[in-house]
Amino acid sequence: MDECYKPETVEAKWQAYWTSEGLHKVQEDTSKNKYYLLEMFPYPSGKIHMGHVRNYTIGDVVARYKHMRGYNVLHPMGWDAFGMPAENAAIANKTHPARWTYDNINTMRQQLQRMGFSYDWDREIATCRPEYYRWEQWLFLKMYEKGMAYRKESYVNWCETCQTVLANEQVEAGMCWRCGKPVRQKKLAQWFFKITDYADDLLVHCDLLSGWPDKVVTMQKNWIGKSIGAEIRFPIENSSQYISVFTTRQDTICGATFICLAPEHPMVLELSANTPQSAAVTAFVDRISMQDRSVKGIEAYDKEGVFTGACCINPMNGRKMPVYTANFALMGYGTGAVMSVPAHDQRDFDFARKYSLEIIVVVQPEGSVLDPSQMTEAYTGEGLMVNSGDFNGQKNTEALQSIADYLEAHDLGKRTISFRLRDWGISRQRYWGAPIPMIHCDACGIAPAPESDLPVVLPEDADLLEGGHSPLPTLPGFMNVVCPQCGAPNARRETDTMDTFVESSWYFQRYCSPHYHDGMFDPRAVNYWMPVDQYIGGVEHAILHLLYSRYYTRVLHDMGMVSYKEPFTRLLTQGMVCKETVHCPTHGFLFPEDASSGKERLCNICHQPVTIGRVEKMSKSKKNVVDPNILLQKYGADTTRLFCLFASPPERSLEWSEQGVDGSFRFLSRIWRLSTAWLPYIQHVSAFDGDMGSLSPEHRELHKKIHQTIFKVTTDIEDRFHFNTAISAVMELVNMMYGFSASDSSPELARMFRLAIESVVLLLSPVTPHIAEEIWHELGYSSSIFMATWPTYRPEALVKDMLLVVVQVNGKLRSKFTIDADAEDDAIERQALADERIVKCIAGKTIRKVVVVQKKLVNIVV
RNA sequence: GCCUGGGUGGCGGAACAGGUAGACGCAAGGGACUUAAAAUCCCUCGAUCCUUGUGAUUGUACGAGUUCGAUUCUCGUCCCAGGCACCA
């Protein structure tokens with residue numbers, strides 16, 4: 001063993017060994033318990049960033065740990081390889097999305113391998129390969145057959161200049177992110193998955209996701225957004241038609257004084273036609289369609305609306321109610337129509353005040369009287385019913401039921417449940433995605449592509465067009481197809497591609513049998529491996545990716561393809577990797593290496609002092625990034641892994657610190673030196689496992705510390721994934737070991753040190769596998785430490801023979817003493833009261849009470 | 001606005017069942033080794049005060065409360081981060 005710790009040598013050596021031994025390849029093995037550990041696969045954006053490093057390090061530690069605990073561990077890696085950045089990069093760099101994607105995959109695979117992660121690379125998948133997406137297309141056809149995939153008109157963010165649909169996050173303050181021109185809402189035929197069929201099931205099962213963080217479960221519940229209420233029909237004056245509204249407050253129906261329709265509501269233009277309001281309504285609807293409805297961050301639009309010229313009749317009391325169209329009514333929720341009760345809904349209140357509409361109180365809070373003319377805000381609390389005919393005097397919570405009963409009995413409406421969740425729009429007018437396997441024929445309309453056509457291959461010879469719209473419609477070889485139903489020669493392929501969330505909704509099943517040719521996955525393999533026992537990824541996917549995956553799994557379940565409904569048993573969402581920002585007055589944000597180090601940091605370009613900003617999520621735009629490659633060169637993979645885990649528990653954000661990394665490197669060097677110093681003495685002895693009674697006090701303490709450390713590390717990893725405290729426990733052990741000198745070692749101490757060093761190396765091996773492997777082999781083992789068994793602690797070694805008792809007076813610490821572990825409570829109390837310092841403390845005072853906490857603490861109250 | 005988490009030394013973080021607050025690491029200071037430096041090893045390290053002690057007081061965002069005892073439980077306030085945001 002080299003005198004000095006040189007990670008580059010050690011790491012290259014063992015990575016080569018692991019690969020040549022095929023150490024991380026796995027197969028189904030029914031004689032062993034399986035453990036499926038999955039980290040969210042990356043988008044191949046170019047290079048691995050610190051967020052990946054952290055995510056995959058956490059996963060690798062768990063995978064290696066579980067393997068050492070005897071599980072058959074599936075730990076795969078692959079690429080979420082379709083998506084828009086490839087198209088943008090291709091246009092910018094005059095290359096092709098496929099080329100760009102595959103190049104990135106190669107780079108990133110190398111980086112991951114350099115980190116020493118224990119992936120079974122034979123199972124690598126890339127979702128942009130036809131072997132992968134053909135099965136997604138196959139399932140699409142099955143879903144189409146069942147009505148689970150369908151096409152409908154829907155509003156999308158549309159940029160006229162770029163002739164393309166924009167995702168919500170591509171709309172910046174109402175403008176196209178690419179060309180800066182205004183984005184408008186356009187009606188377009190799009191493909192959808194009927195996730196709303198599963199809304200209730202997805203919601204109900206939220207409560208069974210006991211292995212998920214509460215935060216994520218709550219976010220999923222809120223996203224699904226179930227509301228219980230009623231749908232009520234309001235007849236239109238002088239017409240046989242009616243407007244249907246959804247409300248959760250049917251108790252307030254007698255206070256409803258007007259109706260609001262979403263601007264896109266089909267009745268808006270119909271009602272206003274041939275009225276004096278017609279022109280105003282058309283103008284309003286046009287204007288609202290230009291408003292971006294999805295951008296976050298800008299303040300909510302002012303509530304505004306226009307009278308449609310028509311009125312409704314309140315079915316409860318015959319009141320005439322004007323019908324408005326208003327920007328705050330959403331076509332996508334409920335029925336797209338709202339019964340407005342200004343006295344008891346803040347939005348309606350604001351609207352009524354603005355347009356001088358009537359306000360009628362129907363719920364009176366107990367102990368006070370609301371006067372509509374004096375009210376400054378809506379009253380949304382509970383109270384007694386007033387102005388509501390037969391229902392007056394009831395509690396409004398009762399009226400919620402009795403009015404629903406009344407509406408149902410008189411056929412005016414019915415109880416309904418509404419969900420916030422909408423169907424999943426999967427159409428993208430994009431090139432770099434999985435083609436939707438459908439065909440448009442002038443004669444027969446829409447027809448599914450025959451299964452024999454699959455995969456409908458995305459042509460890779462396309463030239464990407466400036467402006468970003470898809471080249472697919474311009475490719476005759478792709479577009480032109482014979483109609484599979486009527487044989488017409490002039491049918492056209494669907495040119496929309498699928499949302500990339502579709503690929504990530506089932507990849508975890510593909511990993512079980514990545515090379516299977518006869519279906520999405522081999523049922524035998526999936527039955528063995530699924531569900532995923534532990535899923536690890538960024539909290540940013542807490543809603544969409546996880547919800548879509550849960551939905552897609554249900555679809556597979558209901559087709560009889562899988563036996564489970566929930567794909568991920570346990571979920572860990574790791575926090576972000578953050579770093580301070582550095583800002584130069586002339587050069588803006590600086591990369592950390594572009595500012596000098598030291599007390600006063602200067603810009604390396606202009607030598608002005610820089611300002612150190614807040615600690616923020618690492619991002620290219622703020623330049624507060626650390627390149628994993630540089631770290632790997634300087635410190636190696638083990639140090640990088642160690643620091644990622646040591647600096648903070650996984651679910652919290654991690655603040656990157658250069659000095660902290662130094663500290664981690666120092667710790668590994670300390671272990672290295674300790675090993676080289678002791679190896680000559682311990683190489684040929686066996687680890688101590690004898691009688692503890694005969695040990696000298698120092699050796700006994702060391703022995704106890706070793707077993708305490710094994711206990712602590714095991715429980716920290718097993719119960720909570722708190723690697724930071726596990727690592728500090730090992731540091732404590734190493735600190736204690738530094739108190740012994742190898743040169744005056746006895747045979748007994750040599751055996752103890754053999755145990756200590758083996759334990760340190762085994763306990764750290766999931767975190768820092770390379771250095772652990774090196775020392776392991778130096779200890780004389782010929783097979784990989786990865787194949788070793790996780791150490792067990794001797795419970796009898798943890799038994800304390802002396803206890804430290806803390807003595808408080810009135811809850812304040814005044815003294816401590818040690819006493820035999822088998823001392824009784826009253827003996828402890830007697831000794832506490834006899835303690836010199838305690839006697840001084842309580843002199844002249846009356847003891848009112850003495851509390852003794854079993855073998856731990858005495859509190860004397862005076 | 002609503003829903004989640006969080007606020008502990010100069011810093012990252014411990015305290016996993018209400019019982020010694022600050023484990024471990026970083027930074028800082030001191031010492032040893034060295035011609036010197038680096039590296040390494042050892043020691044000190046929340047604040048204030050004094051009689052320098054296994055000293056006193058104070059201290060886990062702030063204010064109350066429950067308790068013999070609260071970083072931990074309850075209520076209220078402030079701040080920070082994340083999510084949702086006209087959802088009827």
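Reading the values: the criteria
Residues numbered from 1 in each chain as written. Chains lettered and ligands numbered in written order. Predicted model: local features only at pLDDT ≥ 70, side-chain atom pairs only at ≥ 80, totals over all residues. Heavy atoms only, no water. Helix = DSSP H or I, 4+ residues; strand = E, 2+ residues; numbered from the N terminus. Buried < 20%, exposed > 50% of the residue type's maximum accessible area, 1.4 Å probe, protein only. Contact = heavy atoms within 4.5 Å. Areas by Shrake-Rupley, 256 points an atom, 1.4 Å probe, with all protein chains shown as cover. Lys, Arg positive; Asp, Glu negative; His and termini not counted. Charge placed at Lys NZ, Arg CZ, Asp CG, Glu CD. Salt bridge = Lys/Arg side-chain N within 4 Å of Asp/Glu carboxyl O. Near = heavy atom within 4 Å. Polar contact = N/O pair within 3.5 Å; in protein donor to acceptor, adjacent residues only side chain to side chain. Nonpolar A, V, L, I, M, F, W, Y, C, P; charged D, E, K, R; others polar. Pairing = 2+ DSSP bridges. Axes fitted to C-alpha atoms, helices over the stretch in contact; angles between N-to-C directions. Patch = residues over 30% accessible without salt bridge, like charges linked within 9 Å, V, L, I, M, F, W, Y side chains within 5 Å.

Trainee: Describe the overall build of chain A, listing the residues and the values that go with them.
Mentor: Secondary structure assignment for chain A yields 26 helices and 33 strands. Each principal axis of the C-alpha atoms in chain A carries an extent, and together these give about 105 × 85 × 65 Å. Taken across its 862 residues, chain A has 53% of its residues classed as buried. If you take every contact in chain A between residues at least 6 apart in sequence, the share linking residues at least 24 apart comes to 71%. Accessible area for chain A stands at about 38200 Å²; split by element, carbon and sulfur atoms hold 51% of it. A distance of 3 Å separates the average location of the 90 positive side-chain charges in chain A from that of its 103 negative side-chain charges.

Trainee: Go over the pattern of salt bridges, please, and point to the residues and values.
Mentor: One pass over the structure, following the stated rule, counts 43 salt bridges. For D207, the salt bridge goes to K221, with nearest N and O atoms at 2.8 Å. On the criterion of sequence distance, the pair formed by D207 in the loop between α6 (199-206) and α7 (214-224) and K221 in helix α7 is long-range, its members being 14 residues apart. Its relative accessible area of 55% is what places D207 among the exposed residues. When salt bridges with common partners are traced through the structure, they connect D201, R550, R554, K565 and E566 into a single cluster.

Trainee: Outline the protein's contact with RNA strand B, supporting the account with residue identities and numerical values.
Mentor: With respect to spatial proximity, 59 residues lie near RNA strand B, and among them Y333, R347, M731, R837 and N859 are the closest. Counting only atoms of RNA strand B within 4 Å of the protein, the fraction found in sugar and phosphate groups is 65%. Contact distances for RNA strand B include 2.6 Å between a sugar or linking oxygen and a backbone N or O atom of T248. A distance of 3.0 Å separates a base nitrogen of RNA strand B from a polar atom in the side chain of R422. For the surface near RNA strand B, the leading source of residues is helix α21 (residues 723-737), giving 6 residues. Considered class by class, the residues forming the surface near RNA strand B number 21 nonpolar, 16 polar and 22 charged.

Trainee: Kindly report on the sheet that holds strand β8 (residues 226-235), identifying the contributing residues and their values.
Mentor: Read across the sheet, 3 strands follow the order β9-β8-β16 without closing on themselves; strand pairing throughout is antiparallel. Every other strand in the sheet has two partners, leaving β9 (242-247) and β16 (413-419) as the edge strands with one partner each. On average, each strand axis in the sheet is inclined to that of its neighbour by 30 degrees, with strand direction left out of account. Bridging between β8 and β16 involves 7 bridges; their strand directions are antiparallel. What sits directly across from A230, in β16, is R415.

Trainee: Outline helix α3 (residues 84-93), listing residues and values.
Mentor: For α3, the complete set of buried residues consists of M84, A86, E87, A89, A90 and I91. Contact partners of the buried residues in α3: α4 (97-114).

Trainee: Hey, could you go over the side chain of S388 for me, with residue numbers and the actual values?
Mentor: Examined against the element boundaries, S388 turns out to sit in the loop between β15 (384-385) and α11 (396-409). With relative accessibility at 3%, the residue S388 sits in the buried group. Leaving out residues up to four positions away in the same chain, S388 has contacts with C254 and V362.

Trainee: Tell me about the pairing of strand β20 (residues 445-448), and please be specific about residues and values.
Mentor: Here strand β19 (residues 438-441) runs beside β20; their pairing, made up of 4 bridges, is antiparallel. Residue M438 lies in a different strand from β20, and its bridge partner there is P448. Hairpin connection of β19 to β20: 3 residues between the antiparallel strands.

Trainee: Summarise unusual backbone geometry; cite the residues concerned and give the values.
Mentor: The omega torsion across L454 and P455 is -5 degrees, close enough to zero to call that bond cis. Turning to its location among the elements, P455 is positioned in the loop between β20 and α12 (476-479). The omega angle of the peptide bond from M530 to P531 is -5 degrees, so this bond is cis rather than trans. Along the chain, P531 falls in the loop between α15 (523-529) and β24 (532-538). One non-glycine residue, K94, adopts positive backbone phi at about 50 degrees. Within the secondary structure layout, K94 lies in the loop between α3 and α4.

Trainee: Lay out the sheet that holds strand β17 (residues 424-425) in plain terms, naming residues and giving numbers.
Mentor: Judged by pairing direction, the sheet is antiparallel, and its 4 strands sit side by side in the order β4-β3-β7-β17 without closing on themselves. The two strands at the open ends of the sheet, each matched to only one other strand, are β4 (164-166) and β17. Packing against the sheet, helix α5 (residues 130-145) makes contact with β3 (149-159) and β7 (184-193), and its axis sits at approximately 95 degrees to β7.

Trainee: Which residues make up a negative patch on the surface, and what values go with them?
Mentor: On the surface, a cluster of negative charge is contributed by D820, D822, E824 and D825. Within the secondary structure, E824 is located in the loop between β31 (812-820) and α25 (825-834).

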